[in-house]
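The residues making up each chain are set out below.
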There are 2 protein chains.
Amino acid sequence: MRGFAARASLEQVWAWIDARVSALGDESVGVFEAVGRFAAGDVVAERDLPPADRIALDGFAVRAADTVGASDYNPLPLGLSGAPLAVSVGDAPPPGTDAVVAVDQTRSVGGMMELVAAVAEGEGVERRGDDIEAGTIVVAKGRGVRVADAALLAVLCVGSVSVTRRPVVRVLPVRDEVAAGGDVDGPALAGLITRDGGIADPRPALADDVAALAETLGEGGADLILVTGGSGLGATDHSAEALALAGALEIHGVAMRPADSVALGQVGGTPVMILPGAPARALAAYEMVAGRAVRRLAGGSAGLPFPRREAVTARKIVSPGGWSDFCRVRLREDGRVEPIGSGGLASLSSLTRADGFVLVPADSEGYPAGVPVTVHLFDLAAG
Amino acid sequence: MRGFAARASLEQVWAWIDARVSALGDESVGVFEAVGRFAAGDVVAERDLPPADRIALDGFAVRAADTVGASDYNPLPLGLSGAPLAVSVGDAPPPGTDAVVAVDQTRSVGGMMELVAAVAEGEGVERRGDDIEAGTIVVAKGRGVRVADAALLAVLCVGSVSVTRRPVVRVLPVRDEVAAGGDVDGPALAGLITRDGGIADPRPALADDVAALAETLGEGGADLILVTGGSGLGATDHSAEALALAGALEIHGVAMRPADSVALGQVGGTPVMILPGAPARALAAYEMVAGRAVRRLAGGSAGLPFPRREAVTARKIVSPGGWSDFCRVRLREDGRVEPIGSGGLASLSSLTRADGFVLVPADSEGYPAGVPVTVHLFDLAAG
């Protein structure tokens, strides 16, 4: 048993990831399949939208000049020659018309339609290219494609989009941390990998054997390998040793709680990260470290994927100086946050009871009560 | 061509949904399959966690009483009988020990391990039930199950969870609004339905024929039917008529922009909503109206699913009084918001250029520059 001679800072780990991991190559997918993926290049409109002038309002087509002076007290006949020209959204403007009046700008008197308001030229009519002109970038490189983007591309007759390939992230649990519950890390990390745009490839738990693990690490086909368990320095911890044997162990020990035994390296150019096996620590280590690599490989933004909110501390948040701290917090009904559990002892229940977390940087010893902090919220709409 | 005699308010439409639509029945799924679903009942821990006392820190097991007075100046022998008892996270505490010292609370002198700090009883040791006691509710009814919840349930040996069944939401486009781009509403709404916990069942576009649409509306197998297109009052709009023929048309015309032609009713007890066919209007109508029904059926929270943020208006937001308004806004670099496009003319490009939207209620005519408003953000981590 030995201690970590020196621990890397969380910032050093992020810099390691950013230096070694970037967006994978691209693939072409249908525009609606692209939703949630990241554009591998700018997508440019090849035509105008609308492609021709069109009606934008249900009502009656008119020539604006004919409506001048129309009012309740001075109703005018509706239509070019007295016959109302009913139009619907999307119609081509009838020849000779240049505006649309809404139904409530008209009235019916003895079966005759009358106009009781004036409209300006162009009202209720969309001109060719009003919405998008050919040549405009409609989806910029790196953008997470949204449903509305896909709809716009479809309307512009774009059939497929080039998006960054989804990374295959292999999860290798090296021992059954919680035998009774089966493998917890594999399916749990799979959920987070999927969230971050990866394809999870969870494998059955391995025995904690150096040679067998080293061999498994050398199998190809993954863009990132996450090992869970055996990350520490105890007598039964062999994961870092296996990584060193199979490739290179570059960082072991990170000054962060509750997952200081994280290790990073590579085998044949494939980045490998070893996370603690205890599920709460594995999940925290994923959020603090591994998720960044998954999101970068997928072409997304490296930062944490949670909605953030500023909130004032209801109680002090204590953190040891020199350590980056993943502090679970609860949002109280008065909108203030309070810490849950202690930073060092990671329990799953503290994670499930938390509404989010505060990342306390290493150069801070926490926060007193009554100051604003940035909370990363687990749920989307916790407004 | 006629106008809507009276338009329902958006609040009346929400009340209509809340009165007619509630969570479907439940089904049992594996704990990790439950992630993103909503618990149909409270899930109670049937055992303690940890199930027995266990080590929570890599280090050396000690009897706390033996460490009293240990310091750099007064090192003490390590272990019960001088032999260091190395322990790893998850181990059972060796008999006779009641605390763990970390490696950096020790030093090695001439091959002998010494203790240089005192520890309190229980330090580094988790007691049975410390985390969760049997009988505790670990996932409350209605909660959106998170990855950490599933991990906790797995550790507690809970194999499956009862969650609300996912609603089948049929999408019936009644005409091809944008012929050149193919059916846009079907796949676009499918993306939003999936996001809200539903199973999208998009059907091929139908011709705008009253009898055929009425017959299709009568087919069973859906928990909610969304018709897109033909929603208005124009000569070629027949969807509301078909709904009246097949079942009951209960609301037609809603005082909201940009989708005032929305209609609601039911066929054989299945709620039916008719949305405008133009994609930007269909998407806005989904967010303002239909999504609420999908989320309620799935057992989730009825409210809008976007992260919310308070932001100050950079320019005034104009909205007609008497109308609920879906105002697309952009977040500027200075953190202020400004409106994009006009409220009435809904374009897809305004939706794609927007970072989110402000819902201006009917009793407001908008907001001047310089006041705080609530923005619903399309992206998760727009912090």
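Bear in mind the structure is a predicted one, so any value in this text is a computation, not a measurement. (Residues numbered from 1 in each chain as written. Chains lettered and ligands numbered in written order. Predicted model: local features only at pLDDT ≥ 70, side-chain atom pairs only at ≥ 80, totals over all residues. Heavy atoms only, no water.)

A.B. asks: A description of the overall build of chain A should follow, citing residues and the corresponding values.
C.D. replies: A tally of helices and strands in chain A yields 7 helices and 26 strands. Computed over its C-alpha atoms, the radius of gyration of chain A comes to 30 Å, more than 25% above the 21 Å expected for a compact globule of 383 residues. For chain A, the spread of C-alpha atoms along the principal axes amounts to about 95 × 50 × 35 Å. Looking at chain A as a whole, 53% of its 383 residues are labelled buried. Within chain A, contacts between residues at least 6 apart in sequence are counted, and of these 75% link residues at least 24 apart. With an accessible surface of roughly 15,200 Å², chain A has 51% of that area assigned to carbon and sulfur atoms. In chain A, which carries 33 positive and 48 negative side-chain charges, the distance between the mean positions of the two groups comes to 6 Å. (Helix = DSSP H or I, 4+ residues; strand = E, 2+ residues; numbered from the N terminus. Rg over C-alpha atoms; globule rule 2.2 N^0.38 Å. Buried < 20%, exposed > 50% of the residue type's maximum accessible area, 1.4 Å probe, protein only. Contact = heavy atoms within 4.5 Å. Areas by Shrake-Rupley, 256 points an atom, 1.4 Å probe, with all protein chains shown as cover. Lys, Arg positive; Asp, Glu negative; His and termini not counted. Charge placed at Lys NZ, Arg CZ, Asp CG, Glu CD.)

A.B. asks: Describe the side chain of B:T228, and please don't skip the residues or the numbers.
C.D. replies: Residues and elements named next belong to chain B. With respect to the secondary-structure elements, T228 resides in strand 15 (residues 224-228). A distance of 3.2 Å separates the side chain of T228 from the side chain of D185, its partner in a polar contact. If we skip the residues at most four places from it in the chain, T228 touches V171, L172, P173, V174, R175, D185, L189, L275, P276 and G277. (Polar contact = N/O pair within 3.5 Å; in protein donor to acceptor, adjacent residues only side chain to side chain.)

A.B. asks: Which residues make up the interface of chain A and chain B, and what values go with them?
C.D. replies: Taken residue by residue, the interface counts 59 residues in chain A and 56 residues in chain B. Both sides together, the interface formed by chain A and chain B hides about 4,500 Å², and carbon and sulfur atoms give 66% of it. Our count for the contact surface shared by chain A and chain B stands at 0 salt bridges. Remark: the boundary between chain A and chain B carries 14 residue pairs in polar contact (both at pLDDT 80 or more). (Buried area = accessible area lost by both parts, 1.4 Å probe. Salt bridge = Lys/Arg side-chain N within 4 Å of Asp/Glu carboxyl O.)

A.B. asks: Please provide a residue-by-residue account of the environment of A:L115, values included.
C.D. replies: Residues and elements named next belong to chain A. Among the secondary structure elements, L115 is positioned in strand 9 (residues 112-115). Between the C-alpha atoms of L115 and N74, which are 41 residues apart in sequence, the distance is 8.7 Å. Leave out the neighbours within four places in its chain, and L115 touches T67, A70, S71, N74, P75, L76, L78, V101, Q105 and T106.

A.B. asks: Account for the pairing of strand 18 (residues 263-267) of chain A, naming residues and giving values.
C.D. replies: Residues and elements named next belong to chain A. For strand 18, the buried fraction is high: 4 of the 5 residues fall into the buried class. As judged from the 4 bridges shared by strand 16 (residues 248-252) and strand 18, these two strands associate in the antiparallel manner. For A248, the partnering residue across the bridge sits in strand 18 and is Q266. Relative to strand 19 (residues 270-275), strand 18 is paired through 5 bridges, and the arrangement is antiparallel. Looking at strand 19, one finds that V267 is bridged to T270. In this structure, the hairpin formed by strand 18 and strand 19 is closed by a connection of 2 residues, where G268 is found at a positive phi of approximately 55°. (Pairing = 2+ DSSP bridges.)

A.B. asks: Give a detailed account of the sheet that holds strand 5 (residues 76-77) of chain B, specifying residues and quantitative values.
C.D. replies: All names here are of chain B. Spatially, 5-9-8 is the arrangement adopted by the 3 strands of the open sheet, whose pairing is antiparallel. The sheet terminates laterally at strand 5 and strand 8 (106-109), the two strands that pair on one side only. Where strand 8 meets strand 9 (residues 112-115), 4 bridges bridge the pair, whose relative direction is antiparallel. Bridge assignment links T106 to a residue of strand 9, and that residue is L115.

A.B. asks: I'd like a rundown of helix 5 (residues 239-246) of chain B, residues and numbers included.
C.D. replies: Residue and element names in this part refer to chain B. Listed in full, the buried residues belonging to helix 5 are S239, A240, A242 and L243. Here the buried residues of helix 5 occupy an arc of 160° about the axis, which is enough to place them on one side. Where helix 5 is buried, its residues meet helix 4 (210-217), strand 15, strand 16 (248-252), strand 18 (263-267) and strand 19 (270-275). (Arc of directions from axis to C-beta.)

A.B. asks: Outline the relation of the copies chain A and chain B, supporting the account with residue identities and numerical values.
C.D. replies: By a simple turn and slide, chain A fits onto chain B: the slide is 0.0 Å along the axis, the RMSD is 0.1 Å, and the turn is 180°. Here the transformation between the copies is reduced to the relation of a two-fold axis. Same-surface contact between copies: 95% of interface residues of chain A are shared with the interface of chain B. (Least-squares fit on C-alpha atoms with pLDDT ≥ 70 in both.)

A.B. asks: I'd like a description of the pattern of salt bridges, backed by residues and values.
C.D. replies: Applying the stated rule across the entire model yields 48 salt bridges over all chains. Between A:D201 and A:R170 there is a salt bridge, with the nearest N and O atoms lying 3.0 Å from each other. Residue A:D201 is located in strand 14 (residues 199-202), and its partner A:R170 is located in strand 13 (residues 168-173); the two are separated by 31 residues in the primary sequence. Per residue, the accessibility class of A:D201 equals that of A:R170, and both read buried. Linking B:R128 and B:D48 is a salt bridge whose minimum nitrogen-to-oxygen distance equals 2.8 Å. Pair noted here: B:R128 is in the loop between strand 10 (125-126) and strand 11 (137-139) and B:D48 is in the loop between strand 2 (43-44) and strand 3 (54-55), with a separation of 80 residues, a long-range link. Given a relative accessible area of 54%, B:R128 falls into the exposed group. For B:D48, a relative accessible area of 16% translates into the label buried. Among the charged side chains, a network of salt bridges with common partners joins A:R315, A:R330, A:R332, A:D334 and A:E338.

A.B. asks: Describe the domain arrangement of chain A, listing the residues and the values that go with them.
C.D. replies: Domain annotation of chain A identifies domain 1 (10-24 + 166-297), domain 2 (26-50 + 129-164), domain 3 (54-126) and domain 4 (308-377). Relative to domain 4 of chain A, the C-alpha centre of domain 3 of chain A lies at a distance of 61 Å. (Domains from an automatic or database assignment.)

A.B. asks: Requested: an account of the packing of aromatic side chains, with residues and values cited.
C.D. replies: Residues and elements named next belong to chain B. Tallying each qualifying case throughout the model produces 8 aromatic pairs over all chains. With a centroid separation of 5.8 Å and 45° between ring planes, the pair formed by F357 and F378 is classed as tilted. With a gap of 21 residues between them, F357 in strand 24 (residues 356-360) and F378 in the segment after strand 26 (372-377) connect regions that are remote in the sequence. Side by side, F357 and F378 carry an identical accessibility label, which is buried. (Phe/Tyr/Trp six-rings, centres within 6.5 Å; stacked < 30°, edge-to-face > 60°.)

A.B. asks: Can you break down unusual backbone geometry residue by residue, with the values?
C.D. replies: Residues and elements named next belong to chain A. Cis geometry marks the peptide bond from L49 to P50, where omega comes out at -10°. Along the chain, the position of P50 falls in the loop between strand 2 (43-44) and strand 3 (54-55). For C157, which is not a glycine, the phi torsion comes out positive at approximately 65°. Note that C157 resides in the loop between helix 2 (147-155) and strand 12 (160-164). By relative accessible area, C157 is classed as partly exposed at 36%.

A.B. asks: Can you explain the environment of B:A65? Please cite residues and give values.
C.D. replies: Along the chain, B:A65 falls in the loop between strand 4 (59-62) and strand 5. The spacing of B:A65 and B:E310 is 245 residues in sequence and 54 Å in space, taken between C-alpha atoms.

A.B. asks: How would you sum up the pairing of strand 19 of chain A? Please name residues and give values.
C.D. replies: Residue and element names in this part refer to chain A. Burial analysis of strand 19 places 6 of its 6 residues in the buried class, the great majority of the element. The alternating pattern of strand 19 places T270, V272 and I274 on one face and P271, M273 and L275 on the opposite face, and all of these are buried. For strand 15 (residues 224-228) and strand 19, the ladder comprises 4 bridges, and the chain directions are parallel. The residue of strand 19 that forms the bridge with I225 is V272.

A.B. asks: Before we move on, could you go through helix 3 (residues 185-195) of chain B and cite the residues and values that matter?
C.D. replies: One turn of the α-helix equals 3.6 residues, which is why residues spaced by three or four share an orientation. By the burial criterion, the buried members of helix 3 of chain B are B:D185, B:G186, B:A188, B:L189, B:A190, B:L192 and B:I193. Next to the buried residues of helix 3 of chain B lie helix 2 of chain A together with strand 13 (168-173), strand 14 (199-202), strand 15, strand 19 and helix 6 (279-297) of chain B. Backbone geometry just after helix 3 of chain B places B:G197 at a positive phi near 95°.

A.B. asks: Account for the sheet that holds strand 15 of chain B, with residues named and values stated.
C.D. replies: The pairing of strands in a sheet comes from backbone hydrogen bonds and takes either a parallel or an antiparallel form. All names here are of chain B. With mixed pairing, the 6 strands of this open sheet are ordered in space as 14-13-15-19-18-16. Here the strands that pair on one side only, and so sit at the sheet edges, are strand 14 and strand 16. Across the sheet, the axes of successive neighbouring strands diverge by a mean angle of 20°, strand direction being ignored. Its contacts with the sheet place helix 4 against strand 13, strand 15, strand 18 and strand 19, and it is angled at close to 175° to strand 13. (Axes fitted to C-alpha atoms, helices over the stretch in contact; angles between N-to-C directions.)

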